[in-house]
Amino acid sequence: EYDTSTLKSVQLELLDAHTKQEHFFAAVSHELRTPLNGIIGLSESLLAGPRCDERTRGVLTVIRRSGVRLAGLVNDLLDAVASKRNTLRITHTRITLPEVVSGVVDVLSPLCSDNVRLVNKVTASAPEVLGDGNRVNQIITNLVSNAIKFTERGFISVSAEEEER
């Protein structure tokens with residue numbers, strides 16, 4: 001037999017802890033956005049500058065894309081809170097897969113060991129898809145990241161093809 005007043009008290013404590021956790025995630029996410037936006041903005045400014053050689057441009061592009069990816073992760077934290085509150089919004093926009101995959105490959109290639117090569121086989125002619133760009137980027141990043149983690153040698157190939165209906 002349970003004491004209902006004790007159960008009610010524990011339930012209220014859990015609810016309070018959950019609410020505090022959501023507020024913490026939201027606060028940390030907003031605090032991370034400011035420096036990330038600075039990194040993204042500064043890298044874009046340097047990329048637009050006249051004195052940017054090809055090697056520097058490549059490094060700055062990776063920095064910018066990494067900043068954008070981290071900003072996406074921060075948004076994912078906010079999405080997790082929104083999801084629990086049933087206020088999550090999914091957008092439907094046209095997504096250019098070659099661009100998304102190229103960005104993911106550029107950011108994650110440096111994480112490959114010397115025995116692993118990451119290959120982008122998504123051609124420029126790949127059709128646009130309709131979906132949530134952040135979610136598609138997140139899914140491709142997670143898949144490639146896991147492939148890098150579990151591949152000791154060889155290559156990882158990212159490809160896409162259109163199926164006939």
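Right above here is the structure, for reference.
Keep in mind the model is a prediction, meaning the values are calculated, not measured.

Below, the discussion takes up the layout of surface pockets. To find leftover empty space, one rolls a probe the size of a water molecule over the atoms. Its volume calculated, the largest pocket comes out at about 510 Å³. Considering the residues around the largest pocket, the lining is formed by 22 residues, among which Arg-65, Val-68, Arg-69, Val-100 and Asn-137 are closest to the centre. Every element with two or more residues in the lining of the largest pocket is listed here: helix H2 (54-84), strand E1 (93-95), helix H3 (97-108) and helix H4 (133-150). Of all the elements, H2 adds the most residues to the lining of the largest pocket, at eight residues. Considered class by class, the residues forming the lining of the largest pocket number seven nonpolar, nine polar and six charged. Of the voids in this model, the second largest pocket is the one considered here, and its volume is about 280 Å³.

Its location among the elements puts Val-81 in helix H2. For Val-81, a relative accessible area of 5% gives the class buried. Taking the C-alpha atoms as reference, Val-81 lies 5.9 Å from Glu-22; in sequence the two are 59 residues apart. Leaving out residues up to four positions away in the same chain, Val-81 has contacts with Glu-22 and Phe-25.

So, on to the packing of H2 against H3. Across the interface, H2 lies against H3 with an axial gap of 9 Å and an inter-helix angle of 105°. Between H2 and H3, the crossing angle belongs to the class labelled roughly perpendicular. Of the residues in H3, those in contact with Val-62, Arg-65 and Ser-66 of H2 are Ser-102, Gly-103, Asp-106 and Val-107. Here the contact of H2 with H3 is built from residues that sort into two nonpolar, three polar and two charged.

This part takes up the nonpolar core. Soluble, globular proteins show a tendency: their nonpolar side chains are buried together. With 18 residues, the main nonpolar core has Leu-108, Leu-118, Ile-140, Val-144, Ile-148 and Val-158 as its most contacted residues. Those elements giving two or more residues to this core turn out to be H3, strand E2 (116-120), H4 and strand E4 (154-158). For Val-144, the contacting residues outside a window of four places in its chain are Val-104, Leu-108, Leu-118 and Val-158.

A cluster of nonpolar side chains, contributed by Ile-39, Val-59 and Ile-63, occupies part of the molecular surface with about 230 Å² of accessible area. Note that Ile-63 resides in helix H2.

Applying the stated criterion across every chain yields a total of five salt bridges. For Lys-20, the salt bridge goes to Asp-16, with nearest N and O atoms at 3.2 Å. Here the residue Lys-20 and the residue Asp-16 both occupy positions in helix H1 (residues 4-48), the gap between them amounting to four residues, near one helical turn. The salt bridge involving Asp-76 is made with Arg-135; its shortest N-O contact spans 3.8 Å.

Rules of the game
- Residue numbers restart at each chain and count upward from 1, following the sequence in its written direction.
- The model is predicted, so local features are restricted to residues of pLDDT at least 70 and side-chain atom pairs to those at 80 or more, both for listing and for counting; the totals for chains, interfaces and linings are taken over all residues.
- As a rule here, side-chain values cover all heavy atoms of the structure and leave hydrogens and water aside.
- Using protein atoms alone on a 1 Å grid, points that fit a 1.4 Å probe yet trap it form a cavity, whereas open point sets bounded by protein on both sides within 12 Å along at least five of seven lines form a pocket; residues with an atom within 4 Å of a point count as lining.
- Grid points are joined across faces, edges and corners, and a volume is the space filled by probe spheres set on the points.
- The way it works is that DSSP assigns letters per residue, a run of H or I at least four long becomes a helix, a run of E at least two long becomes a strand, and they are numbered from the N terminus.
- Three classes are used, and their members are as follows: Ala, Val, Leu, Ile, Met, Phe, Trp, Tyr, Cys and Pro are nonpolar, Asp, Glu, Lys and Arg are charged, and the others, Gly among them, are polar.
- Only protein chains enter the area calculation, which uses a 1.4 Å probe; residues under 20% of their type maximum are buried, those over 50% are exposed, and those in between are partly exposed.
- Residue contacts follow a heavy-atom distance rule, with two residues in contact if any of their heavy atoms lie within 4.5 Å.
- Only the stretch in contact is used when a helix axis is fitted, and all axes are lines through C-alpha atoms; the angle between N-to-C directions ranges over 0 to 180 degrees.
- Here is the rule for angles: anything less than 35 degrees is roughly parallel, anything more than 145 is roughly antiparallel, 65 through 115 is roughly perpendicular, and the remaining ranges are oblique.
- The nonpolar core is taken to be a set of buried Ala, Val, Leu, Ile, Met, Phe, Trp, Tyr and Cys residues, with the residues joined through side-chain atoms within 4.5 Å.
- Nonpolar side chains (Val, Leu, Ile, Met, Phe, Trp, Tyr) are joined into patches within 5 Å and like charges within 9 Å, using only residues with over 30% relative accessible area and no salt bridge.
- What sets the accessible areas is the Shrake-Rupley method with a 1.4 Å probe; for residues, cover comes only from the shown protein chains.
- When a carboxyl oxygen of Asp or Glu is within 4 Å of a side-chain nitrogen of Lys or Arg, the pair counts as a salt bridge.

This is a description of form; function is not addressed.
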